[in-house]
Structures are given as C-alpha cells and as structure tokens.
Amino acid sequence: MPATGPRAGRPSGASTAQAVTSCAAIVLLLCAGIGTRASGVAAEPVRVTVSHVARAVCPGEVVLVRATTSAPADAVTGRSPAEALHFARTVDPLVWEAVLGIDISAKAGPVRLIVHAQAGGSAADATHDLVVAPKTFPARRITVDPKFVDPPASEMPRIQREAKQMAAVLAVVSPARLWSGPFAAPVPGPATSAFGRISIINGQRRTPHTGTDFQAAVGTPISAPNAGTVVLSEALYFSGETVIVDHGFGVFSFLAHLSRRDVAVGDAVRAGMVVGLSGVTGRITGPHLHWSVRVGPARVDPMSLLAILGKQSGTGRILERVS
Ligand SMILES: [Zn+2]
C-alpha cells in the first residue's frame, strides 16, 4: 500500500467521490483538521495529523487510523462517535495507529474521529472525517435442517443463554494489544462465502452472514489468526464447537463449526497456533470453517482485516505494545 506523506487540508473531491462510489479500491484520505494547544513550556507545541488506510470506507470494512505527530508523543488517544480508538506506537516514533471497524449495518454518511496527542508539556487535538459509503450485500438461498431455522421451544433457554454469554464475552475490551505482526487466515483453503450475504434459509429471510467461510475438509487444523487469549471454548447451539480469541484492544476472532477444540478459556495463543480442527457442527450445510471478526462493537469482514493488517498489506506497522 503506497502511502503519501501527510498534507494539511480536507480530502480532495476526487478521493471522496471514489470512496462514495467504489467499495473496491484502496482509499487513502488524509487529514481533515489540525489543531494545537500548548499546555506547557515546550519551545514548539506538538502537532498531530490524522490519516487512514482502508480497502473502502463502507459497512463491514476495517479502517487503519494513523496519527502522525511532529515530535515523539507520550500518548495518543482518540474516539469515534461509537467507541474509543486504541492507538499503539509503531516502529516510527512519530506514527501511532489504531484499528476502527465499520459495522455491517452502519448507515452511510459522515463519521468524525477525534484524536488527542500529548508530548512532553504540550498537547494537540485533530479531527478526521470519514464518509461511510452505502453498500448492498447479495442474497443467497440455502436449505438446512428445519430444527435450526425454528428451534424447538425446549432449546430456547439454551439459545438465549448463549446469546447473552456471547454478548458478555465480546463486551470486554482488553486494555492491551495482544496481537503482533500480521494477521493470517486460519486455514489455507479459499474463502467460499462472502461476508454480508443475506441468507434466505428455507425461504425465510435471516440476518446477514457476519463472517467469511473457508473451504476446509473435516479435521483441517485451524490456526489462531494472530496472538491473543481464548475467551470462549464451548459447544454452542448455532455455531457448534466454537473458539473465540481476544486479540486485545477490542479485536476478536470467532471460529465456528469445529470438530475438535484444543484450547480452553484463559489460554494464551500465539499467531498460527492450532486451536482445534475444522468440522461440521452447528447450523451448517457442509464442512467449512466460519471466521468472524469483531473490532469493538463492529462486525467486520475478516478479508478486510487481512487486506489492512495481513501479510500482503504493507501497512499495520503496530509493533510496540502500549497499555
Ligand atoms: Zn459462515
């Protein structure tokens, strides 16, 4: 991903138009506003500029937010309207990065990010405006065992309990970044099912598919997409044998339909470590691995995470852990 240097001013009309009309191109928009305020006796107040890198700025996408300071910062914080941004220093002492997710159901329109940097005795604020483009996801018709479409009343307490458990697990944001280096797909097989597809199951319209499915014969080893801590390892009604890895800073991997789980809650996993074997458990029409990614409250496309923070991305230089 080639990145140009920061420049002041609002994004160009051409770039904005591209973001609105295309959800395919890598888009790099640069800083939307710079402000400084000196709070100490530093000879020159620190300045901060904000830019971002994304495949596209639309629902389901991961956005890397980059803050560049004029002097090495002691801390960089920020927030979007929905959540805190967790910045970590990169190998470049002037550059900090945070990962922002745009939820699959996010409305099109402007989103303002606010970033604050502190260096020595001075501090600076900047705003950065994203424009979320509209996106329509395709529909697919599938047929499954009717008991999974309309679960029997006897299973409702379990389903409700698991939904609450899942929400509780994903609501806990680890205050440290646990991942390091690039993310990688959990199995070598190709992705077979697009994120966001709306399923019409046995003729009934369902909620969108919030993960990506990968071809994987039963028994294929499943690797942790990056380092983290196991926060769920359990057999669930819909997703079958399931493992959730907390990568820290609100980033989670959800791996479903396994035939075997090899990790327990509390286990620390390294990138690439086998967490189980793929299978055909839960609500499923054939063997495959389902991988979902959360970034804070946002349900995002794992392929977008790989595009921005994977091996081929050339971005995501976050190396230093900041708690
Ligand atoms: Zn799936």
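Rules behind the numbers
Residues numbered from 1 in each chain as written. Predicted model: local features only at pLDDT ≥ 70, side-chain atom pairs only at ≥ 80, totals over all residues. Heavy atoms only, no water. Pairing = 2+ DSSP bridges. Helix = DSSP H or I, 4+ residues; strand = E, 2+ residues; numbered from the N terminus. Axes fitted to C-alpha atoms, helices over the stretch in contact; angles between N-to-C directions. Donors = N, O, S within 2.8 Å, 3.2 Å for Na, K, Ca; no water. Buried < 20%, exposed > 50% of the residue type's maximum accessible area, 1.4 Å probe, protein only. Core = buried A, V, L, I, M, F, W, Y, C linked by side-chain atoms within 4.5 Å. Domains from an automatic or database assignment. Contact = heavy atoms within 4.5 Å. Lys, Arg positive; Asp, Glu negative; His and termini not counted. Salt bridge = Lys/Arg side-chain N within 4 Å of Asp/Glu carboxyl O. Polar contact = N/O pair within 3.5 Å; in protein donor to acceptor, adjacent residues only side chain to side chain. pLDDT = per-residue confidence, 0-100.

A.B. asks: Would you explain the sheet that holds strand S13 (residues 198-201) in this entry?
C.D. replies: By way of backbone hydrogen bonds, the strands of a sheet pair with one another, either parallel or antiparallel. Ordered by their spatial adjacency, 3 strands build an open sheet running S11-S13-S14, and the pairing between neighbours is mixed. Each edge of the sheet is formed by a strand with only one pairing partner; in this case those strands are strand S11 (139-142) and strand S14 (204-208). The mean inter-strand angle of the sheet, taken between neighbouring strand axes irrespective of direction, is 30 degrees. Strand direction decides the pairing type here: S11 and S13, joined by 4 bridges, are parallel. In the strand pairing of S13, Arg 141 is matched with Ile 200.

A.B. asks: What's the story with the coordination of the zinc ion in this structure? I'm lost.
C.D. replies: Geometry reference: four tetrahedral donors at a metal, ideal angle 109.5 degrees. Six octahedral donors, ideal angles 90 or 180 degrees. Coordination of the zinc ion by the protein involves His 209 (NE2), Asp 213 (OD) and His 290 (ND1), with metal-donor separations of 2.0 to 2.2 Å. When the donor residues of the zinc ion are listed from N- to C-terminus, their spacing reads H-x3-D-x76-H. Taken together, the residues His 209 in the loop between S14 and strand S15 (211-215) and His 290 in strand S22 (residues 288-295) connect sequence positions 81 residues apart. Here the two residues His 209 and His 290 agree in accessibility, since each one is buried.

A.B. asks: Could you clarify how one ought to interpret the nonpolar core in this entry?
C.D. replies: For soluble globular proteins, nonpolar side chains are generally found buried alongside one another. The biggest cluster of nonpolar side chains holds 32 residues, and the ones touching the most others in it are Val 275, Leu 289 and Leu 309. Those elements that provide at least two residues to this core are strand S4 (62-69), strand S18 (240-248), strand S19 (251-261), S22, strand S23 (298-300) and helix H4 (302-309). Counting the residues that make up this core, at least three belong to each of domain 1 (48-132) and domain 2 (139-312). With near-sequence residues (within four places) excluded, Val 275 lies in contact with Ile 222, Ala 224, Val 243, Leu 255, Arg 260, Arg 261, Asp 262, Val 263 and Val 269. Core analysis: the second largest hydrophobic core is formed by 24 residues, Val 48, Val 50, Ala 126 and Val 132 among them.

A.B. asks: I would appreciate a short explanation of the environment of Ala 176 in the present structure.
C.D. replies: Tracing the backbone through its elements, the reader meets Ala 176 in the loop between helix H3 (156-171) and strand S12 (191-193). By relative accessible area, Ala 176 is classed as buried at 15%. Spatially, the C-alpha atom of Ala 176 lies 9.1 Å from that of Gly 250, the residues being 74 residues apart in sequence.

A.B. asks: Can you walk me through the side chain of Arg 140 in this structure?
C.D. replies: Tracing the backbone through its elements, the reader meets Arg 140 in strand S11. Within the buried core, Arg 140 has no salt-bridge partner, and the shortest N-O distance to an opposite charge, that of Asp 213, equals 4.2 Å. Among the polar contacts made by the side chain of Arg 140, one reaches the side chain of Ser 199 at a distance of 2.9 Å. Not counting chain neighbours up to four residues away, the residues in contact with Arg 140 comprise Ser 193, Arg 197, Ile 198, Ser 199, Ile 200, His 209 and Asp 213.

A.B. asks: So what exactly am I meant to see when it comes to the pattern of salt bridges here?
C.D. replies: Where side chains of opposite charge bring their charged atoms close, a pairing between them can arise. As enumerated under the stated definition, the model contains 9 salt bridges in all. With its nearest N and O atoms 3.6 Å apart, the salt bridge here joins Arg 47 to Glu 44. Residue Arg 47 is classed as partly exposed on the basis of its relative accessible area of 42%. Residue Arg 261 is joined to Glu 241 by a salt bridge in which the shortest nitrogen-to-oxygen separation is 2.6 Å. Taken together, the positions of Arg 261 in strand S19 and Glu 241 in strand S18 put the pair 20 residues apart, joining distant regions of the chain. Connected via shared salt-bridge partners are Arg 55, Glu 61 and Asp 301.

A.B. asks: Would you mind going over the confidence of the model for the protein chain with me for this structure?
C.D. replies: Low-pLDDT portions of the prediction should not be read for the details of their coordinates. On average, residues of the protein chain score 85 in pLDDT, and 83% of them reach the 70 mark or higher. Low pLDDT, under 50, characterises residues 1-40; the stretch is placed with 95 contacts to residues that sit more than four places away or in other chains. For residues 316-323, every residue scores under 50 in pLDDT, and the model assigns this stretch 34 contacts once sequence neighbours within four places are set aside.

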